[in-house]
Amino acid sequence: MSYKHIVLPENGEKLRVDNGTLKVPDNPILGYVEGDGIGPDITRACLRVWDAAVARAYGGKRKIHWCELFMGEKAAKRYDGDYFPQETLQALRDLSVAIKGPLTTPVGEGFRSLNVSLRQQLDLYACVRPVRYYDGVPSPMKAPGKVDVVIFRENTEDVYAGIEFESGSEANRQLSAFLREKLNARFFDDAGLGVKPISPFATKRLVRKAIEYAIEHQRESVTLVHKGNIMKYTEGSFRSWGYELAREEFREQTITEDELYAHHGGKVPKGKIVIKDRIADIIFQLMLLRPEEFDVIATMNLNGDYLSDAIAAQVGGVGIAPGANIGDNIAVFEATHGTAPKYAGQDKVNPGSLLLSGVDMLEYIGWKEAADMIRVAYPEVVRSGVVTYDFARQMEGATEVPTSGFADALIERIERGLEIEEVKQRRAERRRALEQERAERERRRMQAPEEEMMASGRKPTTVGHLMTRNLITVDGGESVDEAMKIMREHAISSLLVEPEGKETEWGIVTRHDVLSRVVSANRDSARVKVGEIATRPIVRVDSDASLGDCVERMLEHNIRRLLVERDGEIVGMASESDLANAVEQFGWVRAE
């Protein structure tokens, strides 16, 4: 189509989508919006770096043909005051992939947020915020390198849907009356009212996107973050619908965290992604204490807004945090910070956020080698002390350079020394390091599941989570002396007694049984057989049985231990002490 002010490059080709797959030519046309305030400064610098990386990675065989699009203040000058021209929206649809600088959003007045409007108009329902540490970047954390998480924030619902009713307005009065009179709601007079829509449709397509990303990028887990313990029918439903989507559409590729502990002893089966969930307020603490436990996060709009900026602060701040808004077959990458108008035109600020968003854009179109060129060069330049003013004031002996000077340093490193084989090697090294970290976490989960649950913010909910898995058995014909020797060697207080033929079942013998049935009865422990004093049968429960159900079974039968089975097979044992320890460590919440 023809545009009024937008000019498509003559030598470039548009991206196309075939059967849901993005097809990228070697000479693609990608859109860019300079942005307001510092936008022109950082955009000019980043365009040069991206082009240098592409040229170096592919030896001139690939080239991006940039097409300038207009939004914000620059658009208003060309489109008679229109900050959000329709032809720019159409061009974004036509080109499929674009990147933009920061756009002006007045607080409390003026036109609506351009960023929010863009997401809603193009149905860019997933705000994707990768947060990882680059060596050399100043950080308030002791070990910022442990942070490597990708946040998928739902973009279209929640309080950002904009369904609000101002205090004192007629609409507010009508809604207040309806809520009080028809639904028996209670709240203070003159309260401003807002509606928080959370739907299964929007939830599932976001979680689908997150799981697909985790599978494609060989991530370990997807965590659903919510406040469902309070907002049960919105955020609680988000959690439920997320698990439902994983179960219905990705059964072969995923397991739940419940299944990980109950069925696999903490060991992730090969080729599986773990689906888990955490309460929103707890995740902030966990991302400080154990950030390596989390890989991909899927959450709602407001939670995601808070969380993405907070985690970005751990690795250097939003000034270097990349982001993108992605829908079905369309993506707009962006700087995640504001326009900083007081620095506009000064060639001063850090271009990191927009730069790294462009790196993710290169990865998105499949040009991983070019993306890695920048990923390798960026920390090397920062470590050398050649940085913009924001980092220079935090680094001893740094050389402060302008925005354009930082771009120059990156380009020099890319063009004069980086080889494609070195870049590939760095990616492989990073992959090996991640695999080693995963193996260590897996070892801890298998050795101490209760402790790892607590440390990772998760509470056991079924008997399979806390049962003893490494059961030691003894033949019923063994002497009590031999049984006591085995208990002593293994530092345990009970043994499973194997069935003696088809007529008997599994039994259990404990130290208490020895005292009450041998010592108290004045019998010879060397002559008494274990089968004679074993308790049979042992009450069994399924590994998915709740802790509350297990307590009821113990009280009902006046016993202290349960055999745990799965699909008819004995897989573990749970004792009164196991349940009591779980209550002591995790607390007990009354079931509703």
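Preceding block: the structure.
A brief look at the structure comes next. It should be emphasised that the depicted structure is a prediction, and the values quoted were computed from it without experimental measurement.

**Things to note about the pattern of salt bridges**
At step 1: Summed over the entire model, instances satisfying the criterion amount to 53 salt bridges.
At step 2: For arginine 278, the salt bridge goes to glutamate 257, with nearest N and O atoms at 3.0 Å. Here the residue arginine 278 occupies a position in strand E12 (residues 273–279), and glutamate 257 occupies one in helix H8 (residues 257–264), the gap between them amounting to 21 residues. For the pair shown, arginine 278 and glutamate 257 are each scored as buried.
At step 3: With a shortest N-O distance of 3.7 Å, glutamate 422 and arginine 413 are connected by a salt bridge.
At step 4: Look at arginine 413 and you get partly exposed, because its relative accessible area is 22%.

**What about the environment of alanine 483?**
At step 1: As for its placement among the helices and strands, alanine 483 is situated in helix H18 (residues 480–490).
At step 2: Here alanine 483 falls in the buried class, since its relative accessible area comes to 4%.
At step 3: Along the primary structure alanine 483 and arginine 540 are separated by 57 residues, whereas in three dimensions their C-alpha atoms are 23 Å apart.
At step 4: The contacts of alanine 483, once residues within four sequence positions are left out, are Leu495 and Val530.

**Some thoughts on the nonpolar core**
The nonpolar side chains of a soluble globular protein tend to be buried with one another.
At step 1: Trp50, Trp66, Phe152, Val222, Leu362, Ile374 and Tyr378 are the most contacted members of the largest nonpolar core, which totals 100 residues.
At step 2: The dominant element in this core, judged by the number of residues it contributes, is helix H1 (residues 39–58), at 11 residues.
At step 3: Setting aside chain neighbours within four positions, we find valine 222 in contact with Ala210, Ile211, Ala214, Ile273, Val274, Ile275, Lys276, Val296 and Ala298.

**Here's the deal with unusual backbone geometry**
At step 1: Residue proline 537 follows arginine 536 across a cis peptide bond; omega there is -15°.
At step 2: Its location among the elements puts proline 537 in the loop between helix H20 (530–533) and strand E21 (540–542).
At step 3: In this structure, aspartate 158 is a non-glycine residue whose phi angle is positive, near 65°.
At step 4: Of note, glutamine 218 is a non-glycine position whose phi angle comes to about 55°, a positive value.
At step 5: Tracing the backbone shows glutamine 218 in the loop between helix H6 (200–216) and strand E10 (221–226).

Basis of the calculations
Residues numbered from 1 in each chain as written. Predicted model: local features only at pLDDT ≥ 70, side-chain atom pairs only at ≥ 80, totals over all residues. Heavy atoms only, no water. Salt bridge = Lys/Arg side-chain N within 4 Å of Asp/Glu carboxyl O. Helix = DSSP H or I, 4+ residues; strand = E, 2+ residues; numbered from the N terminus. Buried < 20%, exposed > 50% of the residue type's maximum accessible area, 1.4 Å probe, protein only. Contact = heavy atoms within 4.5 Å. Core = buried A, V, L, I, M, F, W, Y, C linked by side-chain atoms within 4.5 Å.

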